[in-house]
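# Topology and contacts: notes
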Amino acid sequence: MINHVKSFVIPLALIPCVSLATTENKIFPVSESKSDQGRPNILFIISDDLRPQMGCYGYPAAITPNIDHLAASGVQFTHAYCQAALSGPSRGSLFSGLRPSASGYIHNDIRFRTAMPNVVTLPEFFGRNGYATIALGKIYHEGDKKQMAGTFNADAAMPEFPRAADSDYKDPHNVKLLNAHRREMIEKYGPSGTGGLTLGPVCEFFDAPEEEYHDAYITTSAIETFKQMAAENKPFFMGVGYKKPHLSFIAPKKYWDMYEGSEIPLTADSIPPLGAPSFTLHDSYELRTRYGVPKYGRFSDEYQRYLMRGYLACVSFVDAQIGRLMEGLQEAGLADNTIVVFCGDHGWHLGEMGVWGKATNYEIANRVPMIIIDPRTGKKGKTDAIAELLDIYPTLADLTGLAIPHTMQKLEGHSLRSVLENPSKKSNTIAVSEFPCPALREWAGVKTADNVRKEYFDHSLNDIEMRIRIENPDTPLNVFQNNVIGYTIRDNRYRCVMWVDQSQPGWKIIASELYDQTKDPNETINLATDSKQKNIVNKLTKKMWKILRFEQKFKRT
């Protein structure tokens, strides 16, 4: 049996580094050594709903030896951010190089090619430059999978995993329960009684073979594919997308057992920020749709620890797969010439502000783990430089010496190569993210379906709607449901959030938030209502509108 918590070893640098002046505006050629077989390979690893909660990010309760070793072997970004705290628009932005506001891909009911029919995606870019491009697991959002299959030009060594990871239940009792629940909802609501109405228990940790689980299976497939790539002697771009720790929290029992007797701390800040509008948070809708999860009210401390243990067990499951993956890369003889990128697609509240889930504009939902290893230079260390997932596309083009044609879309990110060469480099960069009004939308970013509301959320939504009406008497609820978007900018000290009513041609700012990350890293007090902070809010807002090219969108006052 494979030891799934064994750490791997990243080889030392094999070639001298290249001089890096003004890398943001120019693509430089990559030096080659005798060990290079043409251009470097790329292994891109992304984990769904993974926040930076592991040992290397200062959270010792998480058992993550392989991710910790990965971080120590390359450059670890301590302040990396997604462009939307939701899988579809976040991945759409990463793989297109465009911000959600530029592409129109702002929630999960939009499809990639519908929004961006002519965009050259990241894997397509490498495919056009002679790379074999392979996808394993969740790379694009699940709804885009069929539409985007043609953006990869080579097959993995093994067939695709035979079922959706969300249906990975092994316990016969849970399988029976899930099927019965699905029948009940379909009988009650017709064909619309599937999806968010028919989800199984929030946690399951069953004693079953690891290969029967999605993430272990795709790891095995990736290892076999490494062998094929080594034999073909052709550069490759391989995307490996792990589904966990996405809900439901399902993994082999051994990972649940790892946390037996562990002291798992609960968040100390479980109430909304003081002075924040009511519409900036949601009632943990994605979690509460799981079978048996309370549909209203605060979770008990005992239940919160149960949820935390489930989340962390899934993180440890992913960690084990990363250990296997890196070991397989090394055994195939590919590690010396393979750039590795590891990231999450967005953050996730684990009780912070009273929320369990993603889909907010706060730090906890937008900050992600990100690690980049270039074994040819061997550069290592932590960097506090602010980075965006949007930067991955131009960074990989830069590191592989590939020029981006002027006929392509103009990438909105910047190469991180200078930071990778000098992790201690001071940076004044910023990150910009966005998400529609969370309070009156499902976690997918769209208005809550009537049947889902009727079945689960009437009580909580009635409460939220009442508070919103009191706070915003001049703005109808349907505007919050359909037309209010929050835009947030993060610099080295502050996070500023501007909530915009886009229902009319002249946009209107209806609320603002400001948090001092130095003094208040948990974002507990909204400073935007303090007149002394007006200049900071205006400065950050002006910078954000310029980045988003929104200067002409607002009403003149």
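Look up: the structure comes first, before these words.
We now turn to the structure provided with this report. (Residues numbered from 1 in each chain as written. Predicted model: local features only at pLDDT ≥ 70, side-chain atom pairs only at ≥ 80, totals over all residues. Heavy atoms only, no water.)

With that settled, consider the packing of helix 1 (residues 65-72) against helix 11 (residues 301-331). Interaxial distance between helix 1 and helix 11 falls to 7 Å at its minimum, and their mutual angle equals 55°. Here helix 1 lies oblique to helix 11, going by the angle between them. Residues Pro-65, Asn-66, Ile-67 and Leu-70 of helix 1 touch helix 11, and the partners they reach there are Asp-319, Ala-320, Ile-322, Gly-323 and Met-326. For the contact of helix 1 with helix 11, the class distribution of residues is six nonpolar, two polar and one charged. (Axes fitted to C-alpha atoms, helices over the stretch in contact; angles between N-to-C directions. Helix = DSSP H or I, 4+ residues; strand = E, 2+ residues; numbered from the N terminus. Parallel < 35°, antiparallel > 145°, perpendicular 65-115°, else oblique. Contact = heavy atoms within 4.5 Å. Nonpolar A, V, L, I, M, F, W, Y, C, P; charged D, E, K, R; others polar.)

The periodicity of an α-helix, 3.6 residues per turn, causes residues three or four places apart in sequence to face the same way. Taking 1.5 Å of rise per residue, 22 residues should cover 32 Å, yet helix 15 (residues 450-471) covers just 24 Å from first to last C-alpha, more than 12% shy of that figure. Most pronounced at Phe-457, the bend in helix 15 amounts to some 95°. Of all the residues in helix 15, the buried ones are Asn-451, Val-452, Arg-453, Tyr-456, Phe-457, Ser-460, Leu-461, Ile-464, Glu-465 and Ile-468. Buried positions along helix 15 lie against helix 7 (172-189), helix 10 (285-288) and helix 16 (477-482). (Expected span 1.5 Å × (residues − 1). Bend = angle between axes of the 7 residues up to and from the residue. Buried < 20%, exposed > 50% of the residue type's maximum accessible area, 1.4 Å probe, protein only.)

Here we take up the pattern of salt bridges. Applying the stated criterion to the full structure yields 28 salt bridges. Linking Arg-490 and Glu-363 is a salt bridge whose minimum nitrogen-to-oxygen distance equals 2.9 Å. You can see Arg-490 sitting in strand 13 (residues 484-490) and its partner Glu-363 sitting in helix 12 (residues 363-366), a full 127 residues away along the chain. Judged by its relative accessible area of 4%, Arg-490 is buried. Through salt bridges with shared partners, a single ionic network connects Asp-48, Arg-91, Lys-138 and Asp-345. (Salt bridge = Lys/Arg side-chain N within 4 Å of Asp/Glu carboxyl O.)

Where burial is concerned, most of strand 7 (residues 338-344) is hidden: seven out of the seven residues are buried. Side chains Thr-338, Val-340, Phe-342 and Gly-344 project from strand 7 onto one buried face, and the interleaved Ile-339, Val-341 and Cys-343 project onto a second face that is buried too. As paired strands, strand 1 (residues 41-47) and strand 7 are joined by seven bridges and run parallel to one another. Counterpart to Ile-46 in the pairing with strand 7 is Cys-343. (Pairing = 2+ DSSP bridges.)

With that out of the way, let us pick up unusual backbone geometry. With the exception of glycine, most residues fall at negative phi, and the peptide bonds are largely trans. The residue after Lys-244, namely Pro-245, is reached through a cis peptide bond having omega 10°. In this fold, Pro-245 is placed in the loop between strand 5 (236-242) and strand 6 (249-252). Here the bond from Leu-247 into Ser-248 is cis, since omega is -10°, no more than 30 degrees from zero. Looking at the secondary structure, you find Ser-248 in the loop between strand 5 and strand 6. Although it is not a glycine, Asp-49 sits at a positive phi angle of roughly 65°. Within the secondary structure, Asp-49 is located in the loop between strand 1 and helix 1. Phi is positive for Ala-359, close to 65°, though the residue is something other than glycine. Counting through the fold element by element, Ala-359 comes out in the loop between strand 9 (356-357) and helix 12. The exposure class assigned to Ala-359 is buried, which follows from its relative accessible area of 1%.

For the structure shown, the criterion picks out zero disulfides. Among the cysteines around Cys-314, which has no disulfide bond, Cys-203 carries the closest sulfur, lying 7.3 Å off. Note on Cys-314: relative accessible area 0%, which makes it buried. The thiol sulfur of Cys-343 is not disulfide-bonded, and the nearest other cysteine sulfur, from Cys-82, lies at 10 Å. Cys-343 gets classed as buried once you look at its relative accessible area, which sits at 0%. (Disulfide = S-S within 2.5 Å.)

Attention now moves to the packing of helix 7 against helix 15. Contact geometry for helix 7 and helix 15: axes closest at 12 Å, N-to-C directions at 120°. With respect to their mutual orientation, helix 7 and helix 15 come out oblique. In the packing of helix 7 onto helix 15, the handedness of the crossing is right-handed. For the pair formed by helix 7 and helix 15, the contact residues are His-181, Met-185, Lys-188 and Tyr-189 on the first element and Asn-451, Lys-454, Glu-455 and Tyr-456 on the second. (Left-handed = near helix turned anticlockwise from the far one by under 90°.)

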